[in-house]
Amino acid sequence: MIEEFKCNLLIIDKSGLTPDEISISVLSEEGFAVATLPDHSEALSRLSKLKPDLIILGEGLDEDSFKVCLQLRQAVNIPVLMLGTIPRSRGWVRAINAGADLYLAKPVSQAELVARMKAILRRRQWARAEA
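Residues numbered from 1 in each chain as written. Predicted model: local features only at pLDDT ≥ 70, side-chain atom pairs only at ≥ 80, totals over all residues. Heavy atoms only, no water.

Undergrad: Looking at this structure, I do not really get unusual backbone geometry. What am I missing?
TA: Residues apart from glycine generally show negative phi values, whereas peptide bonds are mostly found in trans. Following Lys106, the chain continues into Pro107 via a peptide bond in cis, with omega recorded as -5°. Here Pro107 is to be found in the loop between strand E5 (102-105) and helix H5 (110-130). (Helix = DSSP H or I, 4+ residues; strand = E, 2+ residues; numbered from the N terminus.)

Undergrad: Please clarify how the pairing of strand E4 (residues 80-84) should be interpreted in this entry.
TA: Remember that side chains alternate between the two faces of the sheet whenever the strand is regular. Counting buried positions over the five residues of E4 gives five, a clear majority of the element. The alternating pattern of E4 places Val80, Met82 and Gly84 on one face and Leu81 and Leu83 on the opposite face, and all of these are buried. For strand E3 (residues 54-58) and E4, the ladder comprises four bridges, and the chain directions are parallel. Bridging across to E4, Ile55 finds its partner in Val80. For E4 and E5, the ladder comprises four bridges, and the chain directions are parallel. Counterpart to Leu83 in the pairing with E5 is Leu104. (Buried < 20%, exposed > 50% of the residue type's maximum accessible area, 1.4 Å probe, protein only. Pairing = 2+ DSSP bridges.)

Undergrad: Whenever I open this one, a nonpolar patch on the surface confuses me. Can you help?
TA: A cluster of nonpolar residues, Trp92, Val93 and Ile96, forms a patch on the protein surface that exposes about 250 Å² of accessible area. Inspection of the secondary structure assignment puts Ile96 in helix H4 (residues 88-97). (Patch = residues over 30% accessible without salt bridge, like charges linked within 9 Å, V, L, I, M, F, W, Y side chains within 5 Å. Areas by Shrake-Rupley, 256 points an atom, 1.4 Å probe, with all protein chains shown as cover. Salt bridge = Lys/Arg side-chain N within 4 Å of Asp/Glu carboxyl O.)

Undergrad: Looking at this model, I keep getting lost on the packing of helix H2 (residues 43-50) against helix H3 (residues 65-75). Mind explaining?
TA: Any two packed helices are characterised by how steeply their axes cross, that is the angle between the axes, and by the distance between the axes. Remark: H2 packs on H3, axes separated minimally by 11 Å, with the N-to-C direction vectors making an angle of 45°. Between H2 and H3, the angle is such that the two are oblique. In the packing of H2 onto H3, the handedness of the crossing is right-handed. Every residue of H3 that contacts H2 at Ala43, Leu44 and Leu47 is listed here: Gln71, Leu72 and Ala75. (Axes fitted to C-alpha atoms, helices over the stretch in contact; angles between N-to-C directions. Parallel < 35°, antiparallel > 145°, perpendicular 65-115°, else oblique. Left-handed = near helix turned anticlockwise from the far one by under 90°. Contact = heavy atoms within 4.5 Å.)

Undergrad: How should I be thinking about the pattern of salt bridges in this particular structure?
TA: Following the criterion strictly, the structure yields four salt bridges and no others. One salt bridge connects Arg46 with Glu42, and the closest N-O pair in it is separated by 3.2 Å. Judged by its relative accessible area of 36%, Glu42 is partly exposed. A salt bridge links Glu112 to Arg116; the shortest N-O distance between them is 2.7 Å. On the criterion of helical spacing, the pair formed by Glu112 and Arg116 is a turn pair, its members being four residues apart in helix H5. For Glu112, a relative accessible area of 30% translates into the label partly exposed. On the accessibility criterion, Arg116 (31% relative accessible area) is partly exposed.

Undergrad: Got a minute to help me understand the nonpolar core in this structure?
TA: In globular proteins that are soluble, nonpolar side chains generally tend to be buried together. Formed by 19 residues in total, the largest nonpolar core has its most connected members in Ile12, Ile55, Leu57, Cys69, Leu72 and Met82. Going through the elements one at a time, strand E1 (7-12), H2, E3, H3 and E4 are the ones with two or more residues in this core. Of all the elements, H3 adds the most residues to this core, at four residues. Other than its neighbours up to four places away in sequence, Leu72 contacts Ile12, Ala43, Leu44, Leu47, Ile55 and Leu57. (Core = buried A, V, L, I, M, F, W, Y, C linked by side-chain atoms within 4.5 Å.)

In structure tokens, the structure reads:
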């Protein structure tokens, strides 16, 4: 029997993700319960209530999103996927150094985004099972 996939997803993005990049309805169909915040200011205080399994952090935030990522990682052990406009190689290095699990340069297809999100969550689940 195949278990149904379920995940609480928090999207923090001021610039707004285009429907081509991410569709809430597609994510819902894929088993994601989606909460969105337009900026990081509420994120830290609402994490305990939202209980996300994964955070998508957009680069269009008021402050440097890499600093926001670092603050999130210092506060909680939740995977962070960053989406941004910095070319992949430079963005990837900065994102990883800030604590992100993955950096994807925009535009990114929904299919790739969903597949990578599920891969991050599978690895997290496997790590928990081994612990």
